Number of protein chains: 2
Amino acid sequence: MGNSRVAGFIGFLVLASCTLSLPSNLRAQEKSLIAIMPLPAQVLQGEGEFLIDGGFGIALRGYEDSRLERAQQRFLDTLSRETGIPLWREAIRNSPHFTVQTSGPSAAVQQLGEDESYHLEISTTDVQLTAPNPIGVIRGLQTFLQLVRITPKGFSVPVVTVDDKPRFPWRGLLIDSGHRFVSISTVKRNLDGMEAVKLNVFHWRFADNESFHVESKKFPRLQGKGSGGFYYSQDEVREIIGYARDRGIRVVPEFDMPCHTTSWFLGYPGLASGQDPSQSSAMDPTRESTYKFLAGFIGEMAALFPDSYFHTGGDECDVKQWETNPRIQEFMRAHAIKDGGALQGFFTAKIQKIVAGHKKIMEGWDEVLQSNTSKDVVIQSWRGQDSLAEAARSGYRGVLSAGYCIDLNQSAAEHYLVDPLGDTAALTPDQKARVLGGEATMWTDIVSDENIDNRIWPRTAAIAERLWSPQEMQDVDWMYQRLAIVSQKLGYYGLRHRLITDEMLQRMSGDPDPVPLKVLAAVVQPPRLYERQQLRTFTDFTPLNHLDDAVPPESDTAREFNEIAKRIVSGKANPQEWQQARQWLLLWRDNDAKLQPLLARSYLTQELAPVSRSLSRVAEIGLQALDNLHENRLISPDLRQRNIEFLKASGKPQAVLLLMVAPSVELLVQATGTK
Amino acid sequence: MGNSRVAGFIGFLVLASCTLSLPSNLRAQEKSLIAIMPLPAQVLQGEGEFLIDGGFGIALRGYEDSRLERAQQRFLDTLSRETGIPLWREAIRNSPHFTVQTSGPSAAVQQLGEDESYHLEISTTDVQLTAPNPIGVIRGLQTFLQLVRITPKGFSVPVVTVDDKPRFPWRGLLIDSGHRFVSISTVKRNLDGMEAVKLNVFHWRFADNESFHVESKKFPRLQGKGSGGFYYSQDEVREIIGYARDRGIRVVPEFDMPCHTTSWFLGYPGLASGQDPSQSSAMDPTRESTYKFLAGFIGEMAALFPDSYFHTGGDECDVKQWETNPRIQEFMRAHAIKDGGALQGFFTAKIQKIVAGHKKIMEGWDEVLQSNTSKDVVIQSWRGQDSLAEAARSGYRGVLSAGYCIDLNQSAAEHYLVDPLGDTAALTPDQKARVLGGEATMWTDIVSDENIDNRIWPRTAAIAERLWSPQEMQDVDWMYQRLAIVSQKLGYYGLRHRLITDEMLQRMSGDPDPVPLKVLAAVVQPPRLYERQQLRTFTDFTPLNHLDDAVPPESDTAREFNEIAKRIVSGKANPQEWQQARQWLLLWRDNDAKLQPLLARSYLTQELAPVSRSLSRVAEIGLQALDNLHENRLISPDLRQRNIEFLKASGKPQAVLLLMVAPSVELLVQATGTK
C-alpha cells in the first residue's frame, strides 16, 4: 500500500472538512473499518461499535412517504440477509435506536443534480441518518449496510460520522437491451446493485439492428416484427421506472437512430434508406415520412418515460448507405449537404426539435455533435476524454463512457483510474462543470442473461466510486481490497456474479464439482477489447457456454500472483509470499494430469487441452525460475531465451482465452541471471 | 456397487416388460447414461445419442391446451439453462425433431390416482413423447431434461425407450408455513423442484401455535392478529394453486385442529379451551360456537382450495388441557366420553361431517384415527409403518411420513430405504392398495427461508424415487451417484441448496472466501432427530446463522471418507483410495492452525474453536492408524484404548455439531492390531 496515496486521501479529508478532527494516518485496521464503495466524501472515525441484534429498531421521522417506507423495508430485508437475524418484521416494532430524519420531499420526477447528500452519525448506542430528501436517505441507508461486519461481539457497524455527497450528478449504467433481450428479473437485480453503489442513472437501450425490444402501441409492428416475441410491455417499463425511482435511479431511454435500425424496418420498411430494407441499417433522412413517423414514435415514448432526458443514439452511422444512394445524393445536392456526416447533422437537428417539443433534453453519442447542434444537447462520449473536453469547450454538457466499457474485459483498475475530468486541466471551472459524470456501458454483443452479472459486477462498483468519491482516491490496492468485500456483499442484493462461473464450469464438464477445471479457470481471462470477436464468430444465437463466457473478465488469482512475482523480483517478498508462489506453481504444474481426462469428455472442454498443457509448462518454468532466484543460480542465456519465447507465446490467446500467469512467470525468468 | 442389486434391478425390468429386450447386465457406463431420479419403471437402452443444438425443434400434437404450451416453454427455458444454448425462442420455430403427442385432457381439478404415465422414445434423429394427458407429458418432459448430459459430441440424450408410471399415486412434500412464514418465491422454486422429481402433492400447512399465515376474509382477525403482518393473501394462494397445477401438483391445505392453535385465539379467544387463551393450545371441543366458527372457516377454505382432500391435522394434542378443565370434565361425563383422546374423536367426527359437507375428503394425522372415525378419512402417519399398516387393516387409506421427516437431519440413504409398504407383508392386496404413498415433511421449527432449500434438497429426490420407482430399487451407492448429478441439475430450477452453505460461511466469518472454514464445514453435520433442540434454545426469532444452520444435513465428504475407511479395514482399498484417505487426513490435521485465527474474529465462529481442534487431533490419530494398518504395525492396547475413547468423545455433539469423520477414524483404529 503506497503511503503517499493514503496520506493524499487523508489530506483531502482534512482539507474538505476542517471541522472534523481526523487521525494523522489511516492504519490498516481503520481502512478495514470502512471497507465500502464508493468511499464517502468525509468520514470521521470514533471508538467502538454499534451492535446489531434482535433488539434492533428503526423509525422514520420528519417528512414521510411510501417510498421511504419501502426503502426502510428493503433496508431491513438486506440487513436480515447480511446478518441472518430476522429483522424484517420486528425492527419496525422494537424501540428505535436508528432514527431517520428526512426534511422534505424529492422532486416528483428525479432531476439531474438533485440533492443526494446525507449525514450519518453512529455512536455505540444510537444511529442518526439525516437527509434533506428521500434520495439522501436511500444513499445513507446503503452506507450503513456496507459498514456492517461481524466482530467478536456480533454483527455491528463502527462508530463513525459520515458527511457525504456525490462528486458528479450523472452516474450511470447502460444496459443494452437492444442487441439482446435482458429479462425483467435481471434488470431488477442490477438496479438493486446500482442502488448499493449509489449509481443514479439507468440508461436503457431498446433497439439495435438485431431486435426491437419495447412495446409501441402506436407502431405495433416494431415489436411485432422486430422482437421475436420478447419485448418489454409498457406496463413492464412503468414497473421498472417505479422500481428504479424507489432506488433513487433515473431511467433514460435510448432509441438509437438514424442507424443501427434494421429491426425497425422489418415492420416499417418505408423508413429504410436502402433498396432492400433487410440489408439496410440506416433510416432515410431525406423523406418527410421518416420524420412524421419519428414524431409519433418519440411522442409516445416521451410520454412513457418521465425523465427529462431522452437519448437518440446516433453512433457509428454507416453514412456510405446514403452517399451511394442516387436519390439521397440528389437530396444532398439540392440542400447543399456536403457529406454523410453533414446529413446526419441535418437529421439530428430535426430530431432534436421533435424531442424538445416534448419538453425533453436530447442526449446522443459523440457523432450527434455537429457545428449546428443545439447547445442543450448532452453528449455521451464513447470516443474518449478528449472528445468530452472538446464538447465542454464548445459549450456542451457531456457524460463519459470511454474507459467504462465493461463489455471489453478490462480490469477494475483500468476503469477506476479513468476520470471524467482526467484530461481537462486546461478547462475553465465553467467548462468543467459541463462534465456531468460517466456511465458504465454493458453492451450485449457477447453476453447473455446468464453471465451478464459477472460482466457488470464487481467492476462497476469501482466505476461508481470514481464518479461519487473524491478525485484524490487513486489507491488501487485498497480499491481491490474493498472490492472483494463489496463484491461478496452484492450477493445479498441477489446478484449472481460470484455464482456464475462455477455453475457454468459444472455444465461444461458435466461434473458436479470439476476441481481441476476450476484451477484452470481461475487463471484465464477472455481477451481484452475487440480481440475476442476476431477469434470466434458470435451471432445472436451463438451459445455463450464456453470457458471464455464463464470466467470473470478479470482473474483475481492471476492479479495476486502477479503482485507476488513483482515483489519477488524487486527483492521485497517475505517468506510467506515465496511459499505462496511456490504452492500456486505446484498446483498449476500438477493440474494438467488431473484435468486432461475431464476435458476429453466434453465437447465444450476439448478445446482447452492445449491451454491446460501450457499452464503446466508455464508453471514448471516458473518453479525453476523461483528456485534459481531463491538460490541466486545463473542459467544459460539460451535456456532463458527459449523460456521467454515460450512464455510470450503462452501469453497469446488460445481457445479464446488468455493465460494470465504467463507474463508474471516471464517477470521471474527475466529477473534470473545468466551465466 | 453390489452386483446382486444391479441384477435384481435388471431382473425387475425383464419381469416388468417382456416385450423389451434388455442387456443382461447394467455396466457402469450404462448406469451413467440414466443418472436420473426417480428411475423410470422401464428403460430400454439403445446405441447412440440424440444431439441438442441450435437447430432443436419441438412441437405439440393432438390435444392442446395452454397448460401444455406453458409446459413446453418451461421445458425450453430449463433446457436452455442446462445447455447454455438459447432455445427458449427458436425451438418452437425450428423444424420439430421432438414431437409431443397428447391424447386428451386431464381432470379439471387434478385427482388422486389420475394417469401420470408416458412413453418416451429417443432415437439418434427423433424424440417422441406420448401420453394420455398433460400430466403424463409434464412427467415425460422432466425425464428428458434429466437425461441431458454433455459428451464429446455436444449436449445430448442417450437413445432410450422409456415406459413409465408411478408406483404410488400420492407423492408429497409438506412445507410447514404455520410455524414460520415461507415466502412465495421459496414456495415456487420448491414446486419447480417437485416437478423435476415427479412429486405430485404439495401439502401446505398454514397455522400453528406461533402464527396463522393465510388470509381469511370471513374471520380476518385470524391473520390480523395471528400473522405479524406476514400471510398469504387469497390471491397469492390461488396463484400458487395455479402454479402447482401447471406442474402436475395438487395442493392439499392443512389447518391443524383442535390443537397447535394458540395463534387462532389471538383474534378469536372464544375458541380456546383454557382460561387464558394465550396459554392454551387446544380449541374447546365442547362448545357449539367452536363448530359454528369452524363450519364457516372450513367452508371458506374448502372453496379456496379446489383439491378433493382437506387436511385437518389433529396431531400431538395436549389433552390434559381438557382433562383438567372442570367445565370440560363435566361435558365429558355428560356425554360419556372417557378421556381426552375420546374427546378428540368426538371433535374429529364433527369436523369430518363439516368437511364432507363441502364434498371434501378429510385427511388427518395418526391421532384422528379412533374407533368411530369415518372410513373415508385418509390417515397420514408420522408414527410409523406399523401405524399405517394398522390403519390399512382397519379399512383406512393412508400416507406415510414417518421416515421422511427431512427436518431431522437423517441421511438420504435412511429415507431412501423406508418403504410405505415395507412392513406390510401380512397385508392383503386390497389392504396394500390403501397405502397411497408418502410425504416428505419439512417442519420449520429450526429452518429459515434462507436455508430451507438445503434441508429439502437433494434428499427429497431420494424419497421421490422411493415413491415413484419400482420397490426393488435399493442400491444405495447408485442412488448417491445419481443424487449428486440430480442435485446439480436442480440448480437449473433455481433451487439454492448448493449455494447456501458457502454464502452462510462467508457471512459467519466476514471473509469472502473462508477456505479453512469450508474444510471444517465439509465434515460436520447438525445432530440427528431431536438432539439439536436439547443443545440450543430455538425460538421463532432465534437467528439461524450458525454453522449447524449452514451445513447440509448430510456430509458427502464424511460419507465418502467412511466408504474408503470401510474398504481399507476390509482389505479391499486400492492405492488411490489409500492416498485419498491420507490426503484428507493431512488436510484436516493441518487445517486447525489456519482456521483458529479466522474463528477468533467472529462472534459466530468462536464457538467452533474446540471442534476444529478435535478435527485436527482426530485426523492425527487417523494418520497414525493409516500408517499402522499400511505397515501392519502393532500398537499398545493402552494407546489404542485411549484413542478410541478420544474418538468416541469427538463423535459427540460439540457446538451443536457432529464431527462426522470421528467414527470412520475409529474404524481404522479398531482395525489396528495390538502388541
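Values in this document were obtained by computation on a predicted structure and should not be read as measured data.

Participant: So what's going on with the packing of aromatic side chains? Which residues, and what values?
Facilitator: When we look at a pair of aromatic rings, we describe it by the centre distance and by the angle of the planes. All names here are of chain B. For the structure shown, the criterion picks out 64 aromatic pairs over all chains. Here the aromatic rings of W204 and F206 are separated by 4.6 Å at their centres, their planes lie at 45°, and the arrangement is tilted. Here the two residues W204 and F206 agree in accessibility, since each one is buried. Geometry around W468 places K198 over its ring, the cationic atom sitting 5.8 Å from the centre. For the cation-ring pair, K350 lies above Y291, with the distance from its terminal atom to the ring centre recorded as 4.9 Å.

Participant: Go over the state of the cysteines, please, and point to the residues and values.
Facilitator: All names here are of chain A. The final tally for this structure, using the stated rule, is two disulfides over all chains. Two residues share a disulfide in this structure: C259 and C317, whose sulfurs sit 1.8 Å from each other. Judged by the sign of its S-S torsion, about 80°, the cystine formed by C259 and C317 is right-handed. Of this pair, C259 sits in the loop between β10 (250–254) and α8 (262–267) while C317 sits in the loop between β11 (309–311) and α10 (320–323), placing them 58 residues apart in sequence.

Participant: Tell me about the relation of the copies chain A and chain B, and name the residues and values.
Facilitator: Of the transformation placing chain A onto chain B, the axial shift is 0.0 Å and the rotation is 180°, giving an RMSD of 0.0 Å. Viewed as a symmetry operation, the transformation between the two copies matches a two-fold axis. Among all residues of chain A, the one whose C-alpha sits closest to the rotation axis is A:L499, at a distance of 4.0 Å. Residue by residue, 96% of the interface of chain A is reproduced at the interface of chain B, so both copies engage with the same surface.

Participant: Please provide a residue-by-residue account of helix α23 (residues 556–569) of chain A, values included.
Facilitator: All names here are of chain A. Spanning 14 residues, α23 covers 20 Å between terminal C-alpha atoms, matching the ideal 20 Å at 1.5 Å per step. By the burial criterion, the buried members of α23 are T557, A558, F561, I564, A565 and I568. For α23, the buried positions fall inside an angular range of 125° around the axis, keeping them on one side. Elements in contact with the buried residues of α23: α24 (575–600), α25 (609–631) and α27 (662–671). Two residues or fewer after α23 comes G571, characterised by a positive phi angle close to 75°.

Participant: Explain the interface of chain A and chain B residue by residue, including any values.
Facilitator: At the junction of the two partners, chain A supplies 47 residues and chain B supplies 45 residues. Both sides of the chain A and chain B interface together cover about 3300 Å² of buried area, and 60% of this is carbon and sulfur. Ranking the residues of chain A by area buried against chain B places A:I150, A:R507 and A:F541 at the top, with a combined share of 18%. Connecting chain A to chain B are zero salt bridges. At the junction of chain A and chain B, the tally comes to 14 residue pairs in polar contact (both at pLDDT 80 or more). Going through the elements one at a time, α3 (66–83), β6 (149–151), β7 (154–164), α18 (476–490) and α19 (500–509) of chain A are the ones with two or more residues in the side of chain A that touches chain B. Tallying contributions element by element places α19(A) first for the side of chain A that touches chain B, with five residues.

Participant: Just give me the short version of the pattern of salt bridges, but keep the residues and values in it.
Facilitator: Applying the stated rule across the entire model yields 89 salt bridges over all chains. A:K350 is paired through a salt bridge with A:E288; the nearest N and O atoms lie 3.3 Å apart. Of the two residues, A:K350 is situated in helix α12 (residues 340–357) and A:E288 in helix α9 (residues 288–304); the sequence distance between them amounts to 62 residues. On the basis of relative accessibility, which here comes to 28%, the residue A:K350 falls in the partly exposed class. Note that B:R167 and B:D419 form a salt bridge whose closest N and O atoms lie 2.8 Å from each other. Here B:D419 lies in the loop between α14 (412–416) and α15 (429–433) and B:R167 lies in the loop between β7 (154–164) and β8 (170–176), a separation of 252 residues in the sequence. According to the relative accessible area criterion, B:R167 is partly exposed, its value standing at 23%. Taking relative accessible area as the criterion, B:D419 reaches 4% and is therefore assigned buried. Through salt bridges that share partners, A:D176, A:R205, A:D208, A:E254 and A:D256 make up one connected network.

Participant: Go over helix α12 (residues 340–357) of chain B with me, naming the residues and quoting the values.
Facilitator: All names here are of chain B. Counted at 1.5 Å a residue, the expected span for α12 with its 18 residues is 26 Å, and the 26 Å between its end C-alpha atoms agrees. Residues G340, L343, Q344, G345, F347, T348, I351, Q352, I354 and V355 constitute the buried set of α12. Summarising the contacts, the buried residues of α12 are in contact with α9 (288–304), β11 (309–311), α10 (320–323), α11 (326–334) and β12 (361–365). A side-chain oxygen of the first residue of α12 lies 3.3 Å from the backbone nitrogen of G341; this N-cap is D339.

Participant: Describe the environment of A:G267, with residues and values.
Facilitator: All names here are of chain A. Positionally, G267 belongs in helix α8. For the pair G267 and F219, spaced 48 residues apart in the sequence, the C-alpha separation amounts to 8.6 Å. What G267 contacts, discounting residues up to four positions off in sequence, is R221 and K225.

Participant: Which residues make up the side chain of B:R67, and what values go with them?
Facilitator: All names here are of chain B. Within the secondary structure, R67 is located in helix α3 (residues 66–83). Buried within the structure, R67 lacks any salt-bridge partner; its nearest side chain of opposite charge belongs to D65, at an N-O separation of 4.9 Å. Discounting residues that sit within four places of it in the chain, R67 has contacts with S106, Q110, P134, I135, I138, R245, D246 and G248.

Participant: Can you tell me about the packing of α11(B) against α12(B), naming the residues and giving the values?
Facilitator: Residues and elements named next belong to chain B. For the pair α11 and α12, the least separation of the axes is 11 Å and the interaxial angle reads 75°. Classified by the angle between their axes, α11 and α12 sit roughly perpendicular to one another. Here I328, F331 and M332 of α11 lie close against α12, whose contacting residues are G340, L343 and F346. Looking at side-chain class alone, the contact of α11 with α12 contains five nonpolar, one polar and no charged residues.

The rules behind the values
- Residues numbered from 1 in each chain as written.
- Chains lettered and ligands numbered in written order.
- Predicted model: local features only at pLDDT ≥ 70, side-chain atom pairs only at ≥ 80, totals over all residues.
- Heavy atoms only, no water.
- Phe/Tyr/Trp six-rings, centres within 6.5 Å; stacked < 30°, edge-to-face > 60°.
- Buried < 20%, exposed > 50% of the residue type's maximum accessible area, 1.4 Å probe, protein only.
- Lys NZ or Arg CZ within 6 Å of the ring centre and 35° of its normal.
- Disulfide = S-S within 2.5 Å.
- Helix = DSSP H or I, 4+ residues; strand = E, 2+ residues; numbered from the N terminus.
- Least-squares fit on C-alpha atoms with pLDDT ≥ 70 in both.
- Contact = heavy atoms within 4.5 Å.
- Expected span 1.5 Å × (residues − 1).
- Arc of directions from axis to C-beta.
- Buried area = accessible area lost by both parts, 1.4 Å probe.
- Salt bridge = Lys/Arg side-chain N within 4 Å of Asp/Glu carboxyl O.
- Polar contact = N/O pair within 3.5 Å; in protein donor to acceptor, adjacent residues only side chain to side chain.
- Lys, Arg positive; Asp, Glu negative; His and termini not counted.
- Axes fitted to C-alpha atoms, helices over the stretch in contact; angles between N-to-C directions.
- Parallel < 35°, antiparallel > 145°, perpendicular 65-115°, else oblique.
- Nonpolar A, V, L, I, M, F, W, Y, C, P; charged D, E, K, R; others polar.

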